[in-house]
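# A look at the structure
One letter stands for each residue in the lines below.
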Amino acid sequence: MTLKVENIKVAYGMIEALHGVSFAVADKSVVGLIGSNGAGKTTALKAISGLLPLSGGRITLDGRDINGLAPEAIVKLGIVHVPEGRRIFPRMTVRENLDLGAFTRHRDATVERDLGWVYELFPVLKEREEQLAGTLSGGQQQMLAMGRALMSKPRLLMLDEPSMGLSPIMQDKIFDLAREINASGTTLLLVEQNARAALELATHAYVLDTGAIALDGKGSELAHDERVRKAYLGEE
Ligand code: ATP
């Protein structure tokens with residue numbers, strides 16, 4: 001699986017938010033997309049998911065154009081987006097939320113097996129299977145959003161700000177889980193304001209600055225880059 005984003009432009013009405021952005025996500029890697037508020041990170045994920053149209057450029061999965069496909073078709077190709085703010089269904093139970101994640105799949109034994117795997121990754125979801133999702137803590141809701149996405153068996157899981165609003169301990173836990181999900185063979189595209197944690201996890205990372213890629217490199221290299229340290233890691 002290789003995702004290529006080539007010179008994409010995305011506009012909200014008259015205002016262009018991405019001015020020709022390119023990056024690639026290699027199979028089994030973790031790619032980090034960092035940058036300050038409003039840089040265009042969420043816009044890039046929404047464009048990949050088919051939620052926003054391109055006004056220029058192309059997006060390919062294994063060489064095939066996916067821009068222009070409906071969001072459901074993109075999910076079927078194996079690209080799944082866990083949006084900022086989780087967007088779980090609060091009045092449905094944990095189990096019902098997870099079942100909805102498998103909506104594109106045939107109901108068969110593999111769905112049951114994957115539910116077992118999700119419960120192994122996130123035991124708290126098994127414990128709270130019958131609880132209404134809206135009553136979970138923020139960290140548990142993030143786990144549910146990730147678990148629901150995994151139920152569709154993605155090849156590429158896109159996580160938008162998974163650590164947002166969580167305590168430092170819960171943030172570490174979410175990043176550990178992301179690492180575990182990647183180790184089991186799922187490619188990750190991770191958007192984060194917590195640049196330090198994202199760079200630790202990322203095989204390769206891109207810095208987005210007001211709608212354009214300003215820098216890219218191995219996660220570990222960028223973590224030591226002076227410009228990144230000053231602008232995004234809060235160091236002098
Ligand atoms: P954040 O971390 O705040 O989500 P971001 O890097 O994800 O930041 P985007 O949400 O992609 O940034 O926003 C990129 C630019 O597009 C910003 O200037 C923002 O104001 C603008 N924008 C985002 N959504 C809309 C919208 N629905 N209508 C108009 N402009 C928008």
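Residues numbered from 1 in each chain as written. Predicted model: local features only at pLDDT ≥ 70, side-chain atom pairs only at ≥ 80, totals over all residues. Heavy atoms only, no water.

Identification of the protein as ABC transporter ATP-binding protein from Taklimakanibacter albus is taken from an unreviewed UniProt entry.

### Topic: the sheet that holds strand β6 (residues 79–82)
Strand pairing in a sheet relies on backbone hydrogen bonds, with the paired strands running either antiparallel or parallel. Put simply, the rule reads: By the convention used here, strands pair only if DSSP detects at least 2 bridges between them. A run of DSSP states H or I qualifies as a helix once it reaches four residues; a run of E qualifies as a strand once it reaches two. Both are numbered from the N-terminal end. Think of each axis as a best-fit line through the C-alpha atoms, taken over the contacting stretch in the case of a helix, with angles from 0 to 180 degrees between the N-to-C directions. Whether two residues are in contact is decided by their heavy atoms, any of which lying within 4.5 Å being enough.
One open sheet holds the six strands; their spatial order is β6-β7-β8-β3-β9-β10, and the pairing between them is mixed. Both edges of this open sheet fall to β6 and β10 (212–218), since each of them pairs with a single strand only. Across this sheet, the average inter-strand angle for adjacent strands is 15°, counted without regard to direction. Taken together, the four bridges between β6 and strand β7 (residues 156–160) define a ladder with parallel strand orientation. Bridged to Ile-79 within β7 is Leu-156. This element, helix α6 (residues 138–150), spans β6 and β7 of the sheet and lies at about 170° to β6. Each of β3 (30–34), β7 and β8 (187–192) touches helix α7 (residues 168–183); the most contacted strand, β8, lies at about 155° to it.

### A closer look at the site of the ligand
For clarity, the threshold we go by: Distances are taken per atom, and a residue is near a molecule or strand as soon as one of its heavy atoms is within 4 Å of it. Each polar contact in these results corresponds to two N or O atoms within 3.5 Å; when the atoms are within protein, one needs to be able to donate a hydrogen and the other to accept it, and residues that are neighboring in sequence are counted only if both atoms are side-chain atoms. Computed with a 1.4 Å probe, the accessible areas rest on the Shrake-Rupley method; for each residue, only the protein chains presented here act as cover. Nonpolar residues are Ala, Val, Leu, Ile, Met, Phe, Trp, Tyr, Cys and Pro. Charged residues are Asp, Glu, Lys and Arg, and all others, Gly as well, are polar.
Around the ligand sit 13 residues, and of these Asn-37, Gly-38, Gly-40, Thr-42 and Thr-43 come closest. In this structure, an oxygen atom belonging to the ligand sits 3.1 Å away from a main-chain N or O atom of Ala-39. The fraction of the free accessible surface of the ligand (630 Å²) that becomes covered by protein chains is 60%. Considering each element in turn, the shell around the ligand owes the most residues, three residues, to helix α1 (residues 41–49). A breakdown of the residues in the shell around the ligand according to their chemical character gives three nonpolar, seven polar and three charged.

### Things to note about the side chain of Thr-186
By the element assignment, Thr-186 lies in the loop between α7 and β8. Not counting chain neighbours up to four residues away, the residues in contact with Thr-186 comprise Pro-154, Arg-155, Leu-157 and Ile-181.

### Some details on the pairing of strand β2 (residues 15–25)
Across eight bridges, strand β1 (residues 3–12) lies against β2 in antiparallel orientation. By the bridge assignment for β2, Lys-4 is matched with Ala-24. What sits between β1 and β2 in their antiparallel hairpin is a turn of two residues, with Gly-13 showing a positive phi close to 60°.

### Notes on the packing of aromatic side chains
The condition that has to hold: For this analysis, a ring pair means two rings from Phe, Tyr or Trp (six-membered ring only for Trp) whose centres lie within 6.5 Å, classed as stacked if their planes differ by under 30 degrees, edge-to-face if by over 60, and tilted for the remaining angles. When a residue's accessible area, from a 1.4 Å probe over protein chains only, is under 20% of the maximum for its type it is buried; when over 50% it is exposed; and in between it is partly exposed.
Evaluated as defined, the whole model comprises one aromatic pair. Where Phe-23 meets Tyr-206, the ring centres are 5.6 Å apart and the plane angle is 50°; that geometry is what we call tilted. Here Phe-23, found in strand β2, pairs with Tyr-206, found in strand β9 (residues 204–209); they are 183 residues apart in sequence, far enough to count as distant. Tyr-206 matches Phe-23 in its accessibility class, with the two residues each being buried.

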